[in-house]
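Fold and geometry: a report
Here is how the chains run, residue by residue.
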Amino acid sequence: MDQLLALANLLDGQVSLGSTGLGWWTRRFELRLTRSEHLWTPRTPSFVKALDTIVSHCPNISAFSIVLVTPIGLQLRALPKLCRLELTCNLTVALVSLASVTDTLETLWLTLTKRPPSRYIPEKLYFPRLHTLVFSRTYVPAITEEWDMPSLRTFIADDNSWPDQTIVENGEQMITQHGESIHRLGIVTPIIFWTALHLCP
């Protein structure tokens, strides 16, 4: 938190250099909040203001990596060039965060901190440019069941916590939906190898 405020103050206090201020060259921004910090920062105006200040001075951020416990005040649409998003959070927070950037994302890396409920109802999302989708730690087919991803070329699900048969079903579900367009498929078990060859021409 202190580092975030210090960075915001530094950027705000810089001597204007036209279009090439200190933040102009920033392409990647990583934010890691501890649980104790994050529980109160969304309700803290100084935190939201600091984050807004940093983003306003870094208009060319194309990759944003963040660990979240609850949604923060920043609207990701404030990052007009954002094309790569790396989120570590639960599914509810992820969906709230994704809602405003589905049109621009090209790469999405989700590390879900817990599985969605068994009665999870899939949400419809449209990602016209998304070509790479990666799930670390947790993947459940229902999450992407209603996601429209016409540009998808790479799908990786690094989830070895399921029994083998469930992994097979998970992999087959994604391949059946997007196999004709997928060029790179990463599943933690080789069991679906022949299915993949058949459905991913």
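A brief structural summary.

What counts and how
- Residues numbered from 1 in each chain as written.
- Predicted model: local features only at pLDDT ≥ 70, side-chain atom pairs only at ≥ 80, totals over all residues.
- Heavy atoms only, no water.
- Helix = DSSP H or I, 4+ residues; strand = E, 2+ residues; numbered from the N terminus.
- Buried < 20%, exposed > 50% of the residue type's maximum accessible area, 1.4 Å probe, protein only.
- Contact = heavy atoms within 4.5 Å.
- Polar contact = N/O pair within 3.5 Å; in protein donor to acceptor, adjacent residues only side chain to side chain.
- Salt bridge = Lys/Arg side-chain N within 4 Å of Asp/Glu carboxyl O.
- Pairing = 2+ DSSP bridges.
- Right-handed = clockwise from strand over helix to strand, strands pointing away.

1. A few points about the environment of Leu 95
Position of Leu 95 among the secondary structure elements: in helix α4 (residues 91-98). On a C-alpha basis, the gap between Leu 95 and Leu 125 in space is 9.1 Å, while along the polypeptide they are 30 residues apart.

2. Side note on α4
Counted residue by residue, α4 has six buried out of eight residues, so it is predominantly covered. By the burial criterion, the buried members of α4 are Leu 91, Val 93, Ala 94, Leu 95, Ser 97 and Leu 98. In this fold, the buried residues of α4 make contact with β3 (84-89), β4 (107-112), β5 (125-126), α5 (141-144) and β7 (147-148). Sitting at the head of α4, Asn 90 places a side-chain oxygen 3.1 Å from the backbone nitrogen of Thr 92.

3. A look at the pattern of salt bridges
Overall, the coordinates contain three salt bridges when judged by the stated rule. Here Arg 28 makes a salt bridge to Glu 30, at a shortest N to O gap of 2.7 Å. Overall, Arg 28 belongs to the partly exposed group, its relative accessible area being 37%. Judged by relative accessible area, which is 45%, Glu 30 ranks as partly exposed. The salt bridge involving Glu 86 is made with Arg 28; its shortest N-O contact spans 2.8 Å. Separated by 58 residues along the polypeptide, Glu 86 in strand β3 and Arg 28 in strand β1 (residues 28-32) bring together distant segments of the chain. Several salt bridges share partner residues, and in doing so they unite Arg 28, Glu 30, Arg 84 and Glu 86 into one network.

4. Points about the pairing of β4
Of all six residues in β4, five are buried, a share of seventy percent or more. With six bridges connecting them, β3 and β4 associate as parallel partners. Paired with Arg 84 across the two strands is Thr 107, which belongs to β4. You can see the chain leave β3, run along α4 and come back into β4, and the turn it takes is right-handed.

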